[in-house]
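The primary structure of each chain is shown beneath.
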Amino acid sequence: PSITKHINESREVAYKEQIERIVSATKKYVIENDEFLYSGKDKMQITLLELKKNGYLENEDLYNPITEKELNGCVNVEYNNSQGTYSYSYVEVCS
C-alpha cells in the first residue's frame, strides 16, 4: 500500500508538471501572437496541436502519467478586463 501511494503521488506530481509546461507554452504563444492580444475577444481556446504546429511544444505525443493516455486537450485563455490580466486553465476536452 505504501509503494502504491508513492507511485500515485509521483504520477500526480508528473501530471501537474506536464500541465504547467503546457500552460507556460500557451502563455508564450499568446504573448508572441498579437492577433490574440488585439482580437477583442475575452475568451479563446488554444489546442495542443496548435501549440505543437507553431513550435511552442515539442512535436511529440504528450501523455497523462496518471491514465497513460495521450493528452489532446486545450488551454482556455480568459482576459480579465478590469485587472488587465489573462488566466489560463487546461481542459481535457476542447469545446
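A brief report on the enclosed structure follows. Just so we're clear, the structure is a prediction, and the values are computed from it rather than from any experiment.

So, about a negative patch on the surface. Residues E58, E60, D61 and E70 make up a contiguous surface patch of negative charge. Note that E70 resides in the loop between helix 3 (48-53) and strand 2 (74-80). E70 gets classed as partly exposed once you look at its relative accessible area, which sits at 32%.

The next point concerns the sheet that holds strand 1 (residues 43-47). Sheets are built from strands paired through backbone hydrogen bonds, the pairs being either parallel or antiparallel. The strand order 1-2-3 describes an open sheet built from three strands, whose pairing is antiparallel. Two strands in the sheet have a free side with no partner beyond their single neighbour: strand 1 and strand 3 (85-91). Across the sheet, the mean angle from the axis of one strand to that of its neighbour is 25°, orientation sign disregarded. Sheet topology note: the strand 1/strand 2 ladder contains five bridges and is antiparallel. Its bridge partner being in strand 2, M44 is matched across the sheet by V77. Sitting on the sheet, helix 1 (residues 2-32) touches strand 1, strand 2 and strand 3, and the angle it makes with strand 3 is about 135°.

Moving on, we get to the side chain of N64. Structurally, N64 is set in the loop between helix 3 and strand 2. On the basis of relative accessibility, which here comes to 7%, the residue N64 falls in the buried class. Within the local environment of N64, its side chain forms a polar contact with the backbone nitrogen of I66, the two atoms lying 2.7 Å apart. With residues up to four places along the chain from it excluded, the contact list for N64 reads Y15, K69, L71 and E92.

Examined bridge by bridge, strand 2 and strand 3 share seven bridges and lie antiparallel to one another. Note that in strand 3 the partner of V77 across the bridge is Y88.

Scoring rules and cut-offs
Residues numbered from 1 in each chain as written. Predicted model: local features only at pLDDT ≥ 70, side-chain atom pairs only at ≥ 80, totals over all residues. Heavy atoms only, no water. Patch = residues over 30% accessible without salt bridge, like charges linked within 9 Å, V, L, I, M, F, W, Y side chains within 5 Å. Areas by Shrake-Rupley, 256 points an atom, 1.4 Å probe, with all protein chains shown as cover. Salt bridge = Lys/Arg side-chain N within 4 Å of Asp/Glu carboxyl O. Lys, Arg positive; Asp, Glu negative; His and termini not counted. Charge placed at Lys NZ, Arg CZ, Asp CG, Glu CD. Helix = DSSP H or I, 4+ residues; strand = E, 2+ residues; numbered from the N terminus. Buried < 20%, exposed > 50% of the residue type's maximum accessible area, 1.4 Å probe, protein only. Pairing = 2+ DSSP bridges. Axes fitted to C-alpha atoms, helices over the stretch in contact; angles between N-to-C directions. Contact = heavy atoms within 4.5 Å. Polar contact = N/O pair within 3.5 Å; in protein donor to acceptor, adjacent residues only side chain to side chain.

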